Amino acid sequence: MSAPTRVLWIVNIVLPAVATELGLSKTPFGGWLTLMTDRLALRDDFCIGVAMRAPVKTLTRIEKNGIVYYAMPQSASDAFDVEDGTVAEVLADFVPDVLHAEGSEMAYTRRFLKAWAGPKLLSLQGVINGNRNYDLGRLPLLSMLNPLRPKTALTAVALMVNFAFRFLPRLKAERETIGLADHIMGRTVWDRAQAWAINPDATYHHCSRILRDGFYGAAWDSAGHEPHSIFVGNAASPRKGTHVVIEAVRLLRRAYPEIRLYVAGESPMEAGSSFKRHVGYPAHVCDLIDRYGLKDRVTFTGLLDEPGMVRRMEQSHVFVMSSIIENSPNTLGEAMMVGTPSVSSFTGGVPSMASDEVDVLMYRADDPAMLAMQIKRLFDDPALCGRLSASARKRARRTHDPEANVQALVAAYDRISASAPGASA
């Protein structure tokens, strides 16, 4: 019997499985990482390691449930990076057959890809080079530079400065990271296009994500939701398009005075001492809500854990995926799995996840009137809601089928191992 294939995953968050051992709080993000690694660890033909950047003092090795976890201390000069010596220690201890890095943005991902001479697989999450023309959310920044509205003008300046000095410098680094990979894994035609544009020599592999367990057993009920309620999953940056949703809610309120918008995340209206809350995108969201008199119509839910997100999906009349650009938004997949009638911007990799008028209703990402009309159609037509809900659930069950996705990943590892120099024929 051949030895198990040793795969070392490089991830950007501390996985919940070992957060307690490290004295850290569990995060609700990145659930697919835990689900995939746990399932791989159950197989006899794989040995799985996970290297994670963490707020720890020294490199910490934990073995749990068949997985070897490495908590890597953050670099003293950059909390989003680790030292070369730490990378060397991890590689020397685990000695992978395949290095599997999740995400193309982080500096320490490049360190691992540079340091490892064996097969290198890079899984794409977002691709910031593909986001470049959309990261500012198509906001009318020039018109926002209005001296009669100093707070709005300051917000516009802050967004442009952040784009110039924090976002743009990351593009070259990401291109280098993608260029170092022998193999690239993605989920949509959009991310395949972005990968090919930067590294046409890399072999592309397709593998969809597994969703969090709670969404597979949940089901939207046409009689159990809050009428004329809308749910949006994120308002953290202009790219998420929440400003377009607020414009649409302003239009819809004429016909539905009781309309309510729920937005996942902490309320920017409770600004506290955060500078970004006062002059960043959250400040612009607050300004729009105030300007349109929607304070009593918009509710920020706070950070939602898995059960909270499931309940919010089940209780909402419509889910809106409002991003100006997105690869394969997990929240859309979750809404489709639950069967919440959904409206999505036609952008990025979304057409690889859902079909317009079949699984969801789509609109151009920067068109609030079209968004409002698509929401109105769902508010007014229970039969349309039911048809879309059933179709979305059926498609999501194919796309996010756990066993099929594990098999796709295993097949990719087998192909990568077989193509490695020195592999037996």
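Residues numbered from 1 in each chain as written. Predicted model: local features only at pLDDT ≥ 70, side-chain atom pairs only at ≥ 80, totals over all residues. Heavy atoms only, no water.

Visitor: Pulling in residues and values, what's your account of the sheet that holds strand β8 (residues 203–206)?
Guide: Adjacent strands of a sheet form backbone hydrogen bonds with each other and so pair up, either parallel or antiparallel. Here we have eight strands laid out as an open sheet, ordered β3-β4-β2-β1-β5-β6-β7-β8, and mixed in their pairing. Of all the strands in the sheet, just β3 (60–64) and β8 have a single pairing partner and so form its edges. Mean inter-strand twist for the sheet, computed between neighbouring axes without regard to direction, equals 20°. For strand β7 (residues 183–186) and β8, the ladder comprises four bridges, and the chain directions are parallel. Paired with Gly 186 across the bridge in β8 is His 206. Packed onto the sheet, helix α17 (residues 402–419) meets β1 (5–11), β2 (46–54), β5 (98–102), β6 (120–123), β7 and β8 and runs at close to 135° relative to β5. (Pairing = 2+ DSSP bridges. Helix = DSSP H or I, 4+ residues; strand = E, 2+ residues; numbered from the N terminus. Axes fitted to C-alpha atoms, helices over the stretch in contact; angles between N-to-C directions. Contact = heavy atoms within 4.5 Å.)

Visitor: Break down empty space enclosed by the protein for me, citing the residues and quoting the values.
Guide: One pass over the structure, following the stated rule, counts one cavity of 30 Å³ or more. Taken as a whole, the largest cavity holds about 120 Å³ of empty space. Along its surface, the largest cavity is lined by 14 residues, and Glu 102, Ser 123, Met 185, Cys 207 and Arg 209 are the ones closest to its centre. In the lining of the largest cavity, the residues fall into seven nonpolar, four polar and three charged. (1 Å grid on protein atoms, 1.4 Å probe; cavity = no way out; pocket = protein on both sides within 12 Å on 5 of 7 lines; lining within 4 Å. Points joined across faces, edges and corners; volume = space filled by probe spheres on them. Nonpolar A, V, L, I, M, F, W, Y, C, P; charged D, E, K, R; others polar.)

Visitor: Quick rundown of the side chain of His 100? Include the residues and the values.
Guide: Of note, His 100 is situated in strand β5. Only 2.6 Å separates the side chain of His 100 from the side chain of Ser 123, close enough to count as a polar contact. Filtering out sequence-adjacent residues up to four positions away, His 100 remains in contact with Val 7, Leu 8, Trp 9, Ile 10, Leu 121, Ser 123, Leu 409 and Tyr 413. (Polar contact = N/O pair within 3.5 Å; in protein donor to acceptor, adjacent residues only side chain to side chain.)

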